[in-house]
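Survey of secondary and tertiary structure
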Amino acid sequence: MTRGNPAGALRLGVNIDHVATVRNARGAPFPDPVRAARLAEAAGADGITAHLREDRRHITDADIDALMAAITLPLNLEMAATPEMQAIALRHRPHAVCLVPERREERTTEGGLEVAREENRLAHFIAPLREAGCRVSIFIAAEPRQVEAAHRIGAPVIELHTGAYCDAGLAGDLAARDAEMERLRAMAAFAEELGLEVHAGHGLTYDNVAPVAALPQVRELNIGHFLVGEAIFVGLEAAIRRMRALMDAARAEVPA
Ligand code: PXP
């Protein structure tokens, strides 16, 4: 995902899952995730992210077909590490695949992937995806053992889960929020030392994005729920433009 951004700059992947959530609430053909993806591109997104869940609660197989056919931005397919999803990814060969943990009963992706406990299986799982040319990333909690395990299985990219940092801020627990930010800071630096590309995401909003965007090792943020919610009030393009501007402003403060 380097379109429209110089190397080293911070990319924005817009997650359009919840455009599909709203559509599916009525079983109508609208709002259309492909239209959202096109607007995201016009608003300065560098990529589109979509999570095809096992239960297809938002993005569907037909959405992935349509996105692959219609959009020019790179697609980052989020998925669980299951044989079904691997076959879908190998059929489509999206620009990127992000492996996430998935539990049917969860409302959203809670916690990161337990790479450390499943190294052997995941190493075999990602090998054909990498051979197919997909940039594989692993969504993990900011913990040294997960970063090390992601490195050992040969993943080129990790995405640090920012949910704990964001939730602590929403709860007004500033000490916990700052402690989570320190963990993110330390793990971003550690991952880069190991040669991993670092991404981050989950729960990011206008209010909490700046410190994450200012982590110099972070190359990409993936943001969805807040942007789709904000789109109700200001429109999707305006919401993305503002997020982009906040990210860029935070980044401008980072020494080159
Ligand atoms: N990154 C990953 C790996 C995710 O699973 C999600 C949520 O689907 C996001 C980023 C975006 O999180 P949010 O929708 O809270 O912005």
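Everything below is about the structure shown above.
Residues numbered from 1 in each chain as written. Predicted model: local features only at pLDDT ≥ 70, side-chain atom pairs only at ≥ 80, totals over all residues. Heavy atoms only, no water.

1. Here's the deal with the packing of aromatic side chains
By convention here, two paired aromatic rings are described through the distance between centres and the angle between planes. Operational definition: Each Phe, Tyr or Trp ring (for Trp, its six-membered ring) is paired with any other whose centre lies within 6.5 Å, and the angle between the two planes then decides the class: stacked below 30 degrees, edge-to-face above 60, tilted in between. We call a charge positioned above a ring when the Lys NZ or Arg CZ atom is no farther than 6 Å from the ring centre and deviates by at most 35 degrees from the ring normal.
Tallied over the full model, the rule gives one aromatic pair. Positioned above the aromatic ring of Tyr206 is the side chain of Arg242, whose terminal nitrogen or guanidinium carbon lies 4.2 Å from the ring centre.

2. Quick notes on the pairing of strand 2 (residues 47-51)
Definition in use: Remark: exposure states derive from per-residue accessible area (1.4 Å probe, protein chains only) relative to the maximum for the residue type, with buried under 20%, exposed over 50%, and partly exposed in between. Each helix is a run of DSSP H or I of at least 4 residues and each strand a run of E of at least 2, with the numbering of both proceeding from the N terminus. Paired strands, in this sense, are two strands between which DSSP finds at least two bridges. Look down the strands so they point away from you; if going from the first strand over the helix to the second traces a clockwise path, that crossover is right-handed.
For strand 2, the buried fraction is high: five of the five residues fall into the buried class. Every second residue of strand 2 is oriented toward a common face, with Gly47, Thr49 and His51 on one face and Ile48 and Ala50 on the other, all of them buried. Of the pairings in the sheet, the one linking strand 1 (residues 11-15) to strand 2 comprises three bridges and is parallel in character. Bridge pairing in strand 2 links Asn15 to Thr49. Bridge count for strand 2 against strand 3 (residues 75-79) is four bridges, and the pairing is parallel. Note that in strand 3 the partner of Ala50 across the bridge is Leu77. Handedness of the β-α-β unit built from strand 2, helix 3 (residues 61-70) and strand 3 comes out right-handed.

3. Here we look at the site of the ligand
Filter applied, for reference: For each residue, the test is whether any non-hydrogen atom lies within 4 Å of the molecule or strand; if one does, the residue is near. The term polar contact refers here to a pair of N or O atoms within 3.5 Å; inside protein, the definition further demands a hydrogen-donor-capable atom paired with an acceptor-capable atom, and it admits residues adjacent in sequence only when both atoms are side-chain atoms. The accessible surface values rely on the Shrake-Rupley method and a 1.4 Å probe; as for residues, cover is taken only from the protein chains in view. When residues are sorted by character, Ala, Val, Leu, Ile, Met, Phe, Trp, Tyr, Cys and Pro go into the nonpolar class, Asp, Glu, Lys and Arg into the charged class, and all the rest, Gly among them, into the polar class.
The environment of the ligand is formed by 14 residues, the closest being Glu78, Glu159, Gly203, Gly224 and His225. At 3.4 Å from an oxygen atom of the ligand is found a side-chain nitrogen or oxygen belonging to Asn15. At 2.8 Å from an oxygen atom of the ligand is found a main-chain nitrogen or oxygen belonging to Gly203. In isolation the ligand offers 400 Å² of accessible surface; the protein chains occlude 94% of this area. Residues belonging to the shell around the ligand are distributed by class as follows: three nonpolar, eight polar and three charged.

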